[in-house]
Amino acid sequence: MSQVNVFKKLFCRVFQLGMRIALPFLPYREPKLIEGVGGVPAVLQAHNIDCVMLVTDAGVHGLGLTAHLEEELKAANIRCVVYDGTVANPTVANVEQARMLYLENGCQGLIAFGGGSSMDCAKAVGARIVRPKKPLAKMEGLLQVMHRLPLLIAVPTTAGTGSETTLAAVITDEKIHHKYPINDFSLIPHYAVLDPDVTLNLPRQLTATTGMDALTHAVEAYGSAAWKKLAELARATGVSTDASDEVAAKEFIAYIDAMNAAMDIPETLPGIRTEDIPQLARYADHEANPLYPVPVLWGPDQLEKMYKQVQEVATHDGNGDPSHSQTAA
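The structure contained in this document is the topic of the report that follows. From a predicted model like this one, the values you see are computed outputs, not experimental measurements.

Conventions adopted
- Residues numbered from 1 in each chain as written.
- Predicted model: local features only at pLDDT ≥ 70, side-chain atom pairs only at ≥ 80, totals over all residues.
- Heavy atoms only, no water.
- Helix = DSSP H or I, 4+ residues; strand = E, 2+ residues; numbered from the N terminus.
- Buried < 20%, exposed > 50% of the residue type's maximum accessible area, 1.4 Å probe, protein only.
- Contact = heavy atoms within 4.5 Å.
- Areas by Shrake-Rupley, 256 points an atom, 1.4 Å probe, with all protein chains shown as cover.
- Axes fitted to C-alpha atoms, helices over the stretch in contact; angles between N-to-C directions.
- Parallel < 35°, antiparallel > 145°, perpendicular 65-115°, else oblique.
- Left-handed = near helix turned anticlockwise from the far one by under 90°.
- Pairing = 2+ DSSP bridges.
- Arc of directions from axis to C-beta.
- Disulfide = S-S within 2.5 Å.
- Salt bridge = Lys/Arg side-chain N within 4 Å of Asp/Glu carboxyl O.
- Core = buried A, V, L, I, M, F, W, Y, C linked by side-chain atoms within 4.5 Å.

Below, the discussion takes up the overall build of the chain. Scanning the chain for helices and strands turns up 11 helices and 11 strands. Expressed as a percentage of its 329 residues, the buried residues of the chain come to 37%. Sequence-distant contacts, at least 24 apart, represent 70% of the contacts inside the chain between residues at least 6 apart. Of the roughly 18000 Å² of accessible surface on the chain, 58% is carried by carbon and sulfur atoms.

Following both chains from N to C, one finds helix α8 (residues 227-236) and helix α9 (residues 245-262) inclined at 65°, their axes separated by 7 Å at the closest point. Classed by the angle they form, the pair α8 and α9 counts as roughly perpendicular. For the pair α8 and α9, the sense of crossing is left-handed. Here W227, K228, L230, A231, L233, A234 and R235 of α8 come into contact with α9, specifically with D245, E246, A248, A249, K250, F252 and I253.

Further remarks concern the sheet that holds strand β8 (residues 178-183). Sheet architecture is open: 3 strands sit in the order β5-β8-β7, paired in mixed fashion. One side of each edge strand has no neighbouring strand; the edge strands of this open sheet are β5 (141-142) and β7 (168-173). In this sheet, β8 lies alongside β5 in parallel orientation, the contact comprising 2 bridges. By the bridge assignment for β8, L142 is matched with N183.

Summarising burial for β7: 5 of the 6 residues are buried, a large majority. When β7 meets β8, the two strands line up antiparallel, connected through 6 bridges. In the strand pairing of β8, A169 is matched with I182. From the end of β7 to the start of β8, which pair antiparallel, there are 4 residues, and H177 there has a positive phi angle of about 55°.

For α8, the full list of buried residues reads L230, A231 and A234. Projected down its long axis, α8 shows its buried positions confined to an angular sector of 105°, all on one face. Residues K228, K229 and A236 are exposed on α8 and point more than 90 degrees away from its buried face. Elements that come into contact with the buried residues of α8 comprise α7 (204-219) and α9. Downstream of α8 by a residue or two, G238 has a phi angle that is positive, lying close to 80°.

Enumeration over the complete set of coordinates arrives at 0 disulfides. Left unpaired, C51 is separated from the closest cysteine sulfur, that of C107, by 3.8 Å. A relative accessible area of 2% places C51 in the buried class.

A word on unusual backbone geometry. The backbone phi angle of N77 is positive, close to 60°, even though this residue is not glycine. One can find N77 in the loop between α4 (67-75) and β3 (79-83). The phi dihedral of D264 is positive, around 60°, even though this residue is not glycine.

For the structure on display, the rule yields 8 salt bridges. D264 is the partner of R204 in a salt bridge, and the nearest nitrogen-oxygen pair spans 4.0 Å. Of this pair, R204 sits in helix α7 while D264 sits in the loop between α9 and α10 (277-287); the two residues are 60 residues apart in sequence, bridging distant segments of the chain. Accessibility assignment for this pair places R204 and D264 in one class, exposed.

Moving on to the nonpolar core. Judged by nonpolar contacts, the single largest core of 29 residues is most densely connected at M53, L136 and I182. Of all the secondary structure elements, the ones that give two or more residues to this core are β2 (51-55), β3, α5 (92-104), β4 (109-114), α6 (116-130), β6 (151-156), β7 and β8. Among the elements that take part in this core, α6 stands out by supplying 7 residues, more than any other.

In this section: the environment of G299. Counting through the fold element by element, G299 comes out in the loop between α10 and α11 (300-310). When its relative accessible area of 6% is taken as the criterion, G299 is described as buried. Residues G299 and A281, 18 residues apart in the sequence, show an inter-C-alpha distance of 8.2 Å.

Pairing within the open sheet is parallel, and its 6 strands lie in the order β1-β9-β6-β4-β2-β3. The open sheet terminates on both sides in strands that have one partner only, identified here as β1 (32-34) and β3. Geometrically, the sheet is characterised by an average inter-axis angle of 25° between neighbouring strands, direction not taken into account. Pairing analysis gives 3 bridges linking β2 to β4, with the strands arranged parallel. Bridging from a neighbouring strand, V55 pairs with A112 of β4. Running at roughly 165° to β4, α6 makes contact with β2, β3, β4 and β6 of the sheet.

Function cannot be inferred from these measures alone, as they are strictly geometric.
The structure is reproduced here in structure tokens:
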């Protein structure tokens, strides 16, 4: 490990320790829970809101997942303005389009409906509404919003990001292909709706991959530094009874690998070019959030190995035609 990485590691660990000590004194809050989408209108009425913007994506909206909520709002005489242009990695353009729609229609609050992208988009819209003279690029980093957002209700349809409870939003500047986090306590939604009914009609693959994403976030994806905790999970879930932490942890990892295979989740990702990997690793290193107390901190060198491990590399069959079933590991 280089000297720079040593200093970075020290900074991250000191930062995490400081945040842990300071957390009881910081304005962190948990969103209040609403039981089902049917409870949303009453909350809006309690806040004297008669026009709200629903931020979602075309897929979720097209599947009709928001229909029940829209019907409930209409029955309560609350006007609902829908923005469904959110893309997989919400962009500055997404945020600005939604913000203009919000202002043009005199909206008074936001409902984020969908996955983490819709959550992030809605959070950024709220930030821009309360900081109209501050562009999103100037909000990158920690505590750059510092204003109370309009009422924000989060309705997650997928597992994985937990964005309905976090202080973070990740936005992509599509013009310069730069992805950056915005972290501020004011971005935590005021309310969250945990309603399993909104997940029932999601595509099978989306349910599987986001569920695996949630599991990965919860137990960590790899490495010997987490063996003790993984072993505890293995024994608690009945996956392993082995006394050795290393053996039990590896059996737990193997079980998750088998789940991946059973749900047809690919082990490789298309579109990763070898010549782009060093730059991708640098971007990932830059985006790393020192707030996350992960067991092992990685620098660009380790991140390059990760990209190569999941890279789909073209091979050739007997006829000379390319196939894409191999990894670069």
